[in-house]
Amino acid sequence: MLPFTRKNRLRIAVVGAVVGLSSSVVAPNFLIKENTVEASKKAAIVSQQHDLIEDNDSALSLASNVLGATNISDYTLNNVLRDSNNTENNITYKANDSDSNVDALANNENADDVTASADANEAETDKSADTNESTDEENVVSTLSTEDQEDAGEDVVDDAEDGETDAETTVEEDPAPMFYTIGVKHSSVIAIQERLMDLGFMEYAEPTDYYGTITSEAVMMFQRQQDLKQDGILGPETYATLLSDDAKHYAAKLGMDGNDIKRIQQRLYEMGYLTSADMVTGHFGDVTEAAVKKMQENNGLSADGKVGVQTVELLYSEAAKPNLIVYGEKSDIVLEAQNRLKELGYLTTTPDGTYGNDTLIAVKQFQSRNDLIVDGFLGPSTRQVLNSSSAVPNGLSLGDNSDAVKRVQELLNKYGYISSSNMTGYFGEVTEDAVKAFQKNNGLTADGNVGVMTMNKLTSGDATPASSSSSSSSSSSSSNSNASNTNSSSSSSSSNSSSNSSSNSGSSSSSSSSSSSSSSSTSNSSVSALISIAKSKVGTPYVLGAKGPNAFDCSGFIYWCLNQVGIKQSYLTSSGWRNVGKYKRISSLSDVRAGDIIVVKGHVGIAAGNGMVIDASSSQGRIVYRDINSWWSSRFIVAWRIFD
């Protein structure tokens, strides 16, 4: 039998190395170490069933028996044999003398791992011999003589005393599967998802160890791109292609089919590049290619007819130029749309058939209120909803922030209800009070909200301006007060003046403090409302391109949540959120507060406070509430404070 001593560690390590190297042919690189350890154990078992291994040729032969059906080329085996022929240059082992040292070779990055694996196997074998179990491996090890076992035990003690063996406790994981299918849970999935994200087949999100539906769909798109069998299963061929330097990035093109193609076609239809809804089929044919080329030409991109990352970003950008009725055009279609917008309380001017600034603002406000992509285009989808009985009428209220609010403020200023300094586009308490005063003077319900009736009255041309009675009364009171003060003595007048000054100062200070407190309270209330709405969607499915309310992608989730709390923010991709501009910029992740929008590379989320974030995760396939960890900090770009 083969004594389990230091001399024989080399032979076991060589066999283990051969088996480990063969595993690397079919397994992911990051699993080589795990496979080497497992293979070394097998080699130890087989080695006990043979005579002493005299040379490297017999070691190689034994390794081949262990490998069984594993595919490994003669070239690879010969290289391993060549590398193991000179043990002084490739694998250094301990001599019998306890003072001998183990030297790690600079050219063999795995030498330490192989030696450590052999030591670990020896300790495991000793433990197995003590327990005397009935398995094949333990039966073999149990045949060792008591003296051999003692020698092996002394070896471990010597190693520990010499500081030559590092003990490491790890939680062992099952080997990575050869085929990844829906439901697989393994740490190697993290690297798979990261690679798919880098290539544009998955939206960026914190990767997980779960191979779910979203990952499978991304793999299927990748397979389509690489002309592989499209089954969503990550096997050896797909895996090798995914990790190769020649792996292709996402690009939808002629001849492809899929849900992603359908989403692209729907957007092209909304922008007027596809002329009818029946062209949204999910098949990328000649018509779709022509539409893509036209869109690319109109927007200054290379017109190759392929929808890559840049074209996808442009499709959902506010800067994209459509192929339909836009700003500056005049037609009966525009006039018809204006009449309907006026009826619903969105248009603040008289319809004239010209697509001017007021019409643009009205269209955007309408799109925002009706869960459409806010791009200001009077496209097919917008016109369809506009003319439907389910179209949501306009309504502005406290907390809204938009061009539509600013337009209302301009009208209130025209009639004397608000000063020009308050025409900011934000619907605060000053605007609310002005609306109430307008409603009261014009025989409307004074609720402070700008609905259809209030908007129609504001734009009618015969609205009652702000009453001057209050000003006159205030002026008269002031005059009488001044007259009374004049009849008083100089000292009394001086005293009254001082008293009034003090009183006014105190009143001003109190008013300022109250206003600040009220503003802070409103901000906190809005933040709480945003987080509450976001949390209510935790667990809702992730779907690329979805904007709610029953499914979201990361950008759609932000868009929907903000609009639910009155922030009329248009739909932006994660790239668009990098330079949104109109909110307060937060440049450090450490300064982020609850309610802020966090923008990282390829992803966005809502800060929930206490180091937590709520976001639509492609890797987990749903809306999640989780820690802001190193994944977020390492990819942080900017944050935006919506409520300040």
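Relevant structure appears above.
It should be emphasised that the depicted structure is a prediction, and the values quoted were computed from it without experimental measurement.

Draft legend 1. Broad picture of the overall build of the chain. Looking only at helices and strands, the chain has 24 helices and eight strands in total. In the chain, which comprises 644 residues, the proportion classed as buried is 46%.

Draft legend 2. Here's a closer look at the environment of Asn 579. By the element assignment, Asn 579 lies in the loop between α23 (554-564) and β3 (584-586). Residues Asn 579 and Val 599, spaced 20 residues apart in sequence, show a C-alpha to C-alpha distance of 10.0 Å.

Draft legend 3. Inspection of the sheet that holds strand β7 (residues 622-627) at higher detail. With respect to topology, six strands assemble into an open sheet ordered β3-β8-β4-β5-β6-β7, the strand pairing being antiparallel. The sheet is open, and its two edges are formed by β3 and β7, each paired on a single side. For this sheet, the mean angle separating the axes of adjacent strands, direction not counted, is 30°. Relative to strand β5 (residues 603-609), strand β4 (residues 597-600) runs antiparallel, the two sharing four bridges. Counterpart to Ile 597 in the pairing with β5 is Ile 606.

Draft legend 4. Geometry of the pattern of salt bridges. Counting across every chain of the model gives ten salt bridges. Between Glu 206 and Arg 626 there is a salt bridge; the shortest N-O distance is 3.3 Å. Of this pair, Glu 206 sits in the loop between α9 (188-198) and β2 (210-211) while Arg 626 sits in strand β7, and the two are 420 residues apart along the sequence. A single burial state applies to Glu 206 and to Arg 626, both of which are buried. For Arg 407, the salt bridge goes to Asp 358, with nearest N and O atoms at 3.6 Å.

Draft legend 5. Fine view of the nonpolar core. In this structure, Tyr 180, Leu 196, Leu 268, Phe 557 and Trp 577 are the most contacted members of the largest nonpolar core, which totals 78 residues. Tallying contributions element by element places α23 first for this core, with seven residues. Counting residues in each nonpolar core, the second largest holds 19 residues, with Val 408, Leu 412, Phe 438 and Ala 463 among its members.

Draft legend 6. Summary view of the side chain of Thr 311. When you line up the elements, Thr 311 lands in helix α14 (residues 309-315). At 3.2 Å, the side chain of Thr 311 and the side chain of Gln 296 are in polar contact. Filtering out sequence-adjacent residues up to four positions away, Thr 311 remains in contact with Met 295, Gln 296, Leu 301 and Lys 306.

Draft legend 7. The pairing of strand β8 (residues 636-641), seen in detail. Within β8, five of the six residues are buried, which leaves the element mostly enclosed by the surrounding structure. Across three bridges, β3 lies against β8 in antiparallel orientation. Of the residues in β8, the one forming a bridge with Ile 586 is Ala 639. Looking at chain direction, β4 and β8 are connected through four bridges and run antiparallel. Considered in β8, the bridge of Ile 597 is made with Trp 640.

Draft legend 8. Quick peek at the packing of aromatic side chains. By the definition in use, this model includes eleven aromatic pairs. Seen from their ring centres, Tyr 415 and Phe 438 are 6.3 Å apart, and the 40° between their planes marks the pair as tilted. Remark: Phe 438 occurs in helix α19 (residues 429-441) and Tyr 415 occurs in the loop between α18 (403-414) and α19; sequence separation between them is 23 residues. Comparing Tyr 415 with Phe 438, the two get one shared label, buried.

Draft legend 9. Region of interest: the layout of surface pockets. The computed volume of the second largest pocket comes to approximately 1,100 Å³. Forming the walls of the second largest pocket are 41 residues, and the residues nearest its centre are Gly 200, Phe 201, Met 202, Glu 203 and Leu 544. At six residues, the largest contribution of residues to the lining of the second largest pocket is made by helix α10 (residues 213-225). In terms of residue class, the lining of the second largest pocket is made up of 18 nonpolar, twelve polar and eleven charged.

Rules used in this analysis
- Residues numbered from 1 in each chain as written.
- Predicted model: local features only at pLDDT ≥ 70, side-chain atom pairs only at ≥ 80, totals over all residues.
- Heavy atoms only, no water.
- Helix = DSSP H or I, 4+ residues; strand = E, 2+ residues; numbered from the N terminus.
- Buried < 20%, exposed > 50% of the residue type's maximum accessible area, 1.4 Å probe, protein only.
- Pairing = 2+ DSSP bridges.
- Axes fitted to C-alpha atoms, helices over the stretch in contact; angles between N-to-C directions.
- Salt bridge = Lys/Arg side-chain N within 4 Å of Asp/Glu carboxyl O.
- Core = buried A, V, L, I, M, F, W, Y, C linked by side-chain atoms within 4.5 Å.
- Polar contact = N/O pair within 3.5 Å; in protein donor to acceptor, adjacent residues only side chain to side chain.
- Contact = heavy atoms within 4.5 Å.
- Phe/Tyr/Trp six-rings, centres within 6.5 Å; stacked < 30°, edge-to-face > 60°.
- 1 Å grid on protein atoms, 1.4 Å probe; cavity = no way out; pocket = protein on both sides within 12 Å on 5 of 7 lines; lining within 4 Å.
- Points joined across faces, edges and corners; volume = space filled by probe spheres on them.
- Nonpolar A, V, L, I, M, F, W, Y, C, P; charged D, E, K, R; others polar.

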